[in-house]
Amino acid sequence: MALRTLASKKALSFALGGAARPLAASARGVTTVTLPDLSYDFGALEPAISGEIMRLHHQKHHATYVANYNKALEQLDAAVAKRDASAVVQLQGAIKFNGGGHVNHSIFWKNLKPISEGGGESPHGKLGWAIDEDFGSFEALVKKMNAEGAALQGSGWVWLALDKEAKKLSVETTANQDPLVTKGASLVPLLGIDVWEHAYYLQYKNVRPDYLNNIWKVINWKYAGEVYENVLA
Amino acid sequence: MASTALVAVGGGISLGLVASSSVASCSLRAGGDSRRLGRRLVLLRRGGAEGQSTRGRNCPKFNCANEVDVVTEDDSVDGDATDDEAGLEAAADDAIDADVDTEDELDSSLPEDVEWIKQQPLPYPLDALEPFISKETVEQHWGVHQQIHVDRLNGMIGGSEWEGMSLGQMMLASFNEGREEPHPLLPCRTGTIGHGVWNHDFYWRSMKPGGGGKPPERLLKFIDRDFGSYEGMIRQFMDAALTQFGSGWVWLSYKGSGLPYVKSRSPIPSDNYGRLVISKTPNAINPLVWGHSPLLAIDVWEHAYYLDYEDRRADYVSAILEKLV
């Protein structure tokens, strides 16, 4: 048991392919990104999400996105300097995918919290009222997000989005690693749920609906509420 | 109902295509024809002067709706020494032929006894692909994932006009040429699920225990011609597998001729038809919809490799190419 706790220590902040300082600069002067820390142990979200999934998800998947994004940025920098427009365009796919992966997962880690630290507690305050107004009830929101998440074909994300211009909440989905802004420039992500298979397969196999039902137990509404209030302040 | 369908199809199909042309090559006419088609999609074989005789070649048909015919790499290339190019095309076509040969057969081609898509049995035992693909993965992938696809598909097509169509026809029709909206007669997920069933059947048959390595000489010859070398093909294949961001498939297919009357060759070599190509498709799309004839498919959805390789997609694809193809 103790061994298990040791094995699931939270990650050290290291960036593969970049420097260990936040907002690191590579040799060329390109600003690279780093893998953010989790504020909880890998195993802290059990039984909703297993420690093994959290470890792989953070240490392998997210770390790979960071590494490949940094690599793509360096290649982009070189292409721009050489005025190679077709190389710049060619890199957009990798940038969108890996950059999106980094952006999305950075939000995702903050969206989760162990039950012992407040995970799963329903939203209060302004966000709570807004949810009631825009969806009818908190349960209705959960049901909608679960339905859209389960129906999403292939890989992607389901989001609780705030349209900062219209000042309304909505549920959106994006494919692959597309960040929420690809659905609308004024959309701010409050909460994102990763429905790529890697997010749940080891524990739930193909039963994505079970994963979606359970993840609500560890959702960090406090963070979502803070983002909401900051944006509308 | 049958007669109206016939009229709709008859009005749509350009009859000129059925007539023999001097170019003795056959191809799947999915792209161009579907625009003109009515409710039923008919895949016409564009016959050459020897149109009939190509069908007589010694290749098994891959018919998802009922029989299981194992298509191995030996079968996909015909051994005709004098007409290898057409042979490769015809053989690949045969491998995924639809039930219908001509519009006249439309009515009689729909068998009364089979209206439902069935889960095809695996061509080898569940643990036969160990240690490269574990028994657990095969059980989960074939037994659960694919079975769910089949059940859902049957649930959706039951009682609708799509009953009785072969899987290939359904797939091509529901693709709706890649338009966002689903085909008007199909609920929107049927397309993906239909593709999913076909793709997975093909995937299991793309592998065998003790396989892998270089293909037989007859196919290798085309690989060398179209990719430079076997290693070059592997490199392109791996590249496609690793840049298929998200869920999808990687394919080695034959890109047959898509231009019925034009004999000119594009100055861009890669545009020229009549060659092997590697393609990657998202989610469950199948290159049949582009008029390609698949020879080999590898599933790169995470569920295909996560239990055995976790995030290491490259290791999974190399293992298949080296040990299981």
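Quick caveat: nothing in here was measured; it's all calculated off a predicted structure.

Colleague: I would appreciate a short explanation of the UniProt feature "binding site: Mn(2+)" (unreviewed entry) in chain A in the present structure.
Modeller: Residue and element names in this part refer to chain A. Those places that UniProt annotates as "binding site: Mn(2+)" (unreviewed entry) correspond, in this numbering, to His57, His105, Asp194 and His198. Across 142 residues in sequence, these annotated residues keep their C-alpha atoms within 12.4 Å of one another, forming a single compact spot. With respect to the secondary-structure elements, His57 resides in helix H2 (residues 51-81). In this structure His57 touches His62, His105, Phe108, Trp109, Asp194, His198 and Ala199, once residues within four positions along its chain are discounted. Secondary-structure assignment places Asp194 in strand S3 (residues 187-194). Residue classification places Asp194 among the buried residues on the basis of a relative accessible area of 0%. With residues near it in sequence (within four places) discarded, Asp194 still touches His57, His105, Phe108, Gly156, Trp157, Ala199 and Tyr211.

Colleague: What am I meant to see in the packing of aromatic side chains here?
Modeller: To describe a pair of aromatic rings, one takes the distance between the centres and the angle between the planes. Residue and element names in this part refer to chain A. Here the structure, examined in full by the defined rule, presents 17 aromatic pairs over all chains. Relative to Tyr211, the ring of Tyr200 has its centre 5.1 Å away and its plane inclined at 25°; by these criteria the two rings are stacked. Placement of the pair is Tyr200 in the loop between S3 and helix H6 (201-204) and Tyr211 in helix H7 (residues 208-215), with a sequence separation of 11 residues. Take Tyr200 and Tyr211: they sit in the same class, and that class is buried.

Colleague: Help me out: how do you make sense of the interface of chain B and chain A in this one?
Modeller: When the parts of a complex come together, some accessible area is lost, and that lost area is often taken as the interface size. Listed as interface residues are 18 residues of chain B and, on the opposing side, 20 residues of chain A. In this assembly, chain B packs against chain A so that about 1,900 Å² is buried in total across both faces, 52% of it on carbon and sulfur atoms. Of all residues in chain B, Phe245, Glu302 and Tyr306 of chain B give up the largest surface area on contact with chain A, accounting jointly for 35% of the area buried on that side. Counting every contact that joins chain B to chain A gives 1 salt bridge. The tally of links from chain B across to chain A stands at 9 residue pairs in polar contact (both at pLDDT 80 or more). Looking at the side of chain B that touches chain A, the elements with two or more residues in it are helix H6 (135-157) and helix H11 (306-309) of chain B. Examining the composition of the side of chain B that touches chain A, we find that 5 residues originate from one element, H6 of chain B, more than from any other. Grouping the constituent residues of the side of chain B that touches chain A by class yields 6 nonpolar, 7 polar and 5 charged.

Here is what the cut-offs are and how they apply
Residues numbered from 1 in each chain as written. Chains lettered and ligands numbered in written order. Predicted model: local features only at pLDDT ≥ 70, side-chain atom pairs only at ≥ 80, totals over all residues. Heavy atoms only, no water. UniProt positions renumbered as here; feature names shortened; annotations may be inferred. Helix = DSSP H or I, 4+ residues; strand = E, 2+ residues; numbered from the N terminus. Contact = heavy atoms within 4.5 Å. Buried < 20%, exposed > 50% of the residue type's maximum accessible area, 1.4 Å probe, protein only. Phe/Tyr/Trp six-rings, centres within 6.5 Å; stacked < 30°, edge-to-face > 60°. Buried area = accessible area lost by both parts, 1.4 Å probe. Salt bridge = Lys/Arg side-chain N within 4 Å of Asp/Glu carboxyl O. Polar contact = N/O pair within 3.5 Å; in protein donor to acceptor, adjacent residues only side chain to side chain. Nonpolar A, V, L, I, M, F, W, Y, C, P; charged D, E, K, R; others polar.

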